[in-house]
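# Commentary on secondary and tertiary structure
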Amino acid sequence: MFTSFSSVKTLLLAAALVAGLENHAFSAEASWWNKEWTMRKKVTLDTGAVGVAITQPIGSSAVLLRLSSGNLTFESAKEDGTDLRFIAEDDKTPLAFHVERFDSLMHESFVWVKVPDVKPGAQTSFWIYYGNSGAKAVRADDSKGTYDADTVLDFHFSESGSAPQDSSGGGNHADKAGKSVPGSWIGGGLMLSAQSGITVPPSPSLNWNAGGAMTLSLWIKPTSLGADAILFSRKDAIHSFVIGVNEGVPYVEIGTERSTPGAIIAAGAWKHLAVVAEGARVTLYLDGENYSTLNASLPALNTALQLGIPTAESVNPSAVTFKGEIDELQLCKIAQPAGYVKLLAANQGDTAAKFPVVGIDEASGHKGSENEFVKQLSMFKDISKDLTIDGKIVIGLCALLAVVGWVVTAIKFAYLNRIKKATNAFLGQWQNLSADLTVLDHGDPASVKSMGGNATPKIQKVLRQSPLYHIYQIGFSEIQNRAANATEGFKGLSGRSMQSIKATLDGGLVREVQRLNSNLVFLTIGIAGGPYLGLLGTVIGVMITFAVIAKSGAVEVNSIAPGIAGALLATVAGLAVAIPALFAYSYISSRIKDAISEMQIFIDEFVAKIAEAFPSANE
């Protein structure tokens, strides 16, 4: 009785477990935000001990997602990334975001997502949805909505050849284009030097009140460590506010007062700087940690913001422009908490590999199987966009060679198949005729053509395609000529006549061989010339790519790889011409050799049979 009760209890528990698993699977499927998006991943911001430990309040933040082939299946997303969507952890609420860069060829993307409330010492999650190639998957970027109303300026510096644009809702764009750096810390960056810098014109959203609050954040990479190198400055006739680096020591300066010095930073390394002003205290953060302080209040200023350009009436006349790169400048009109600053440094810095953490792919179950061949073709299409004009010319010539080669191959295949069929038909007729040549009236051309009356007009039409039939007619034409020119009647063929007929048949063989080999030169041109054309295109493309890199000074994979990939496409095109042409040429040549061997054997057999059928008068 006890055993039975235990068994029933076990079965009930198992049934409950199965039902629970089924309900979990059903609820996961039912919670899918939109079935038209076939793929999703979970993103987790861990501010606990396992991730990046942040114990201070954080609040709302625009979180950076660095997407690569390691954490996103780019082949499943649309080519321009317009199907990306970001949904809150409840799997219902869309999150504002904007894409700074999406490169499906290089499998690299930078996306900024607004997370309304990042919890300290806990995990905050949201979803990435993608994999919708339909018409509804249009661009949904909202850069202004990515930042809250307190963020009045945000520069990504991803523009090239144009003035930096404010991604926030402040609309505070720079006045001119600076010296952009394509591959900087996060996407594009800005190079500051004595000859380059930018100004942000004044606006009401940028006004500072005396004793007010603000937060400024940016990444810097000094190329040299000089004295009083100015990064950011703002002043009027009375007040001034300066952020700079003095001999490797970052500082904040208000009027004549400067923050306490901290540790020296190294040249050539990226560092995150943040300045938070509130009341009578200004705090300078380095890589998210408190670096130094200044007991002073924020001055009342409504003038322009200057990046890298010393003011004309600088408090320190010896001050110079900061020399190096900067990236991701953000200005808020409130004093952000220390946890917010640490989040920026951790999220955008070297710890980005573990903060945030991007989960594994989940499929909705509605995704159709995608053709791998189509994926490859799509990749070639992407690469072709980076072709230079010389590469396009080379690929065009290769395409012309390929078309000519395939046309010649098709014609030759059809021709060889016709003569093979005709030769088989002729050999069947010849086998019957050669057994008794007396049935053939060599003086009657019609009898010769019909092979002694055995070949009907329909069969003769087929026989005319065979080189053996042509040689057969040449041989009997020689016999007819000798019979017609015999003065004392045709009494047979002498040895000299047989040699002459054999020579004529060999001449016919040569002409048939020339006909068989006609136009094969186009295949040999494709075999020999295709790779050389492709190599020429690749060498020129690589040369141009390196010349552009040397001129721009941008030496990183994103500036090199597209040009190299495009240049190598020319070599691929050359090989795509040569390899099929080589295979076709080898096959056609073997068929031609077989046809030539059949003609040589037939000539020997023909001469022997004629010698027997028409012996000379002396024999």
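Refer to the structure above for everything that follows.
All of the points below concern the structure found in this document. As the structure is a computational prediction, the values presented were derived from the model and not from experiment.

A few words on the overall build of the protein chain. Per the secondary structure count, the protein chain includes eleven helices and 23 strands. Scored against the burial criterion, the 619 residues of the protein chain give a buried share of 44%. Contacts in the protein chain between residues far apart in sequence, at least 24 positions, make up 74% of those at least 6 positions apart.

Looking now at the sheet that holds strand β5 (residues 108-118). In sheet architecture, strand pairing relies on hydrogen bonds along the backbone and comes in two forms, parallel and antiparallel. Taken in spatial order, the three strands line up as β2-β5-β4 in an open sheet, and their pairing is antiparallel. Only two strands of the sheet have a single partner each, and these edge strands are β2 (59-68) and β4 (97-103). Ignoring which end each strand starts from, the neighbouring axes of this sheet average 20° apart. The pairing of β2 with β5 spans nine bridges and is classified as antiparallel. For L65, the partnering residue across the bridge sits in β5 and is V111. Strands in contact with helix α3 (residues 338-348) are β2 and β5; relative to β2, the strand with the most contacts, it is inclined by about 5°.

Let us look at empty space enclosed by the protein. Using the criterion set out here, one finds four cavities of 30 Å³ or more in the structure. Its boundaries defined by the atoms lining it, the largest cavity holds a volume of some 70 Å³. As for the largest cavity, its lining consists of A62, W112, Y147, D154, S217, E328, L329, Q330, L344 and Q348. When residues of the lining of the largest cavity are traced back to their parent elements, those giving at least two are β21 (324-332) and α3. Of the residues belonging to the lining of the largest cavity, the class tally is five nonpolar, three polar and two charged.

As a further point, take the packing of aromatic side chains. Counted under the stated rule, the structure contains 23 aromatic pairs. Ring geometry for Y469 and Y472: centres 5.8 Å apart, planes at 25°, overall stacked. Here the residue Y469 and the residue Y472 both occupy positions in helix α8 (residues 467-485), the gap between them amounting to three residues, near one helical turn. Look at Y469 and you get buried, because its relative accessible area is 2%.

It is worth spelling out α8 at this point. Under the 1.5 Å per step criterion, the end-to-end length of α8 is 27 Å for 19 residues, consistent within 8% with the ideal 27 Å. Residues of α8 that are buried include every one of P467, L468, Y469, I471, Y472, G475, F476, E478, I479 and Q480, and no others. Where α8 starts, the residue carrying a side-chain oxygen 3.2 Å from the main-chain nitrogen of L468 turns out to be S466.

Let's shift gears to the pairing of strand β14 (residues 249-254). Within β14, six of the six residues are buried, leaving the element largely enclosed by the surrounding structure. Burial along β14 is two-sided: the face carrying V249, Y251 and E253 and the face carrying P250, V252 and I254 are both buried. Between the end of strand β13 (residues 240-246) and the start of β14, which pair antiparallel, lie two residues, with E247 showing a positive phi angle near 55°. Looking at chain direction, β14 and strand β15 (residues 257-258) are connected through two bridges and run antiparallel.

Pairs can form between side chains of opposite charge whenever their charged atoms are close. This model, assessed by the stated rule, comprises 13 salt bridges. Here D91 and R40 are joined by a salt bridge, their closest N and O atoms 2.7 Å apart. With a gap of 51 residues between them, D91 in the loop between β3 (85-88) and β4 and R40 in strand β1 (residues 39-46) connect regions that are remote in the sequence. Of the two residues examined, D91 and R40, each falls in the buried class. Measuring nitrogen to oxygen at the nearest pair gives 2.8 Å for the salt bridge that ties E512 to R515. In this pair, E512 and R515 are both assigned in helix α9 (residues 495-517), three residues apart and thus about one turn of the helix distant. Overall, E512 belongs to the buried group, its relative accessible area being 5%. The partly exposed category is assigned to R515, whose relative accessible area is 40%.

The next point concerns α9. Here α9 is 23 residues long and its end C-alpha atoms lie 33 Å apart, about the 33 Å a rise of 1.5 Å per residue gives. If you check which residues of α9 are buried, you get S497, M498, I501, L505, G508, L509, E512, V513 and L516. Note on α9: the residue one or two positions beyond its end, N519, has a positive phi of about 70°.

Calculation rules
- Residues numbered from 1 in each chain as written.
- Predicted model: local features only at pLDDT ≥ 70, side-chain atom pairs only at ≥ 80, totals over all residues.
- Heavy atoms only, no water.
- Helix = DSSP H or I, 4+ residues; strand = E, 2+ residues; numbered from the N terminus.
- Buried < 20%, exposed > 50% of the residue type's maximum accessible area, 1.4 Å probe, protein only.
- Contact = heavy atoms within 4.5 Å.
- Pairing = 2+ DSSP bridges.
- Axes fitted to C-alpha atoms, helices over the stretch in contact; angles between N-to-C directions.
- 1 Å grid on protein atoms, 1.4 Å probe; cavity = no way out; pocket = protein on both sides within 12 Å on 5 of 7 lines; lining within 4 Å.
- Points joined across faces, edges and corners; volume = space filled by probe spheres on them.
- Nonpolar A, V, L, I, M, F, W, Y, C, P; charged D, E, K, R; others polar.
- Phe/Tyr/Trp six-rings, centres within 6.5 Å; stacked < 30°, edge-to-face > 60°.
- Expected span 1.5 Å × (residues − 1).
- Polar contact = N/O pair within 3.5 Å; in protein donor to acceptor, adjacent residues only side chain to side chain.
- Salt bridge = Lys/Arg side-chain N within 4 Å of Asp/Glu carboxyl O.

Note that all results are geometric; they support no functional claim without further evidence.
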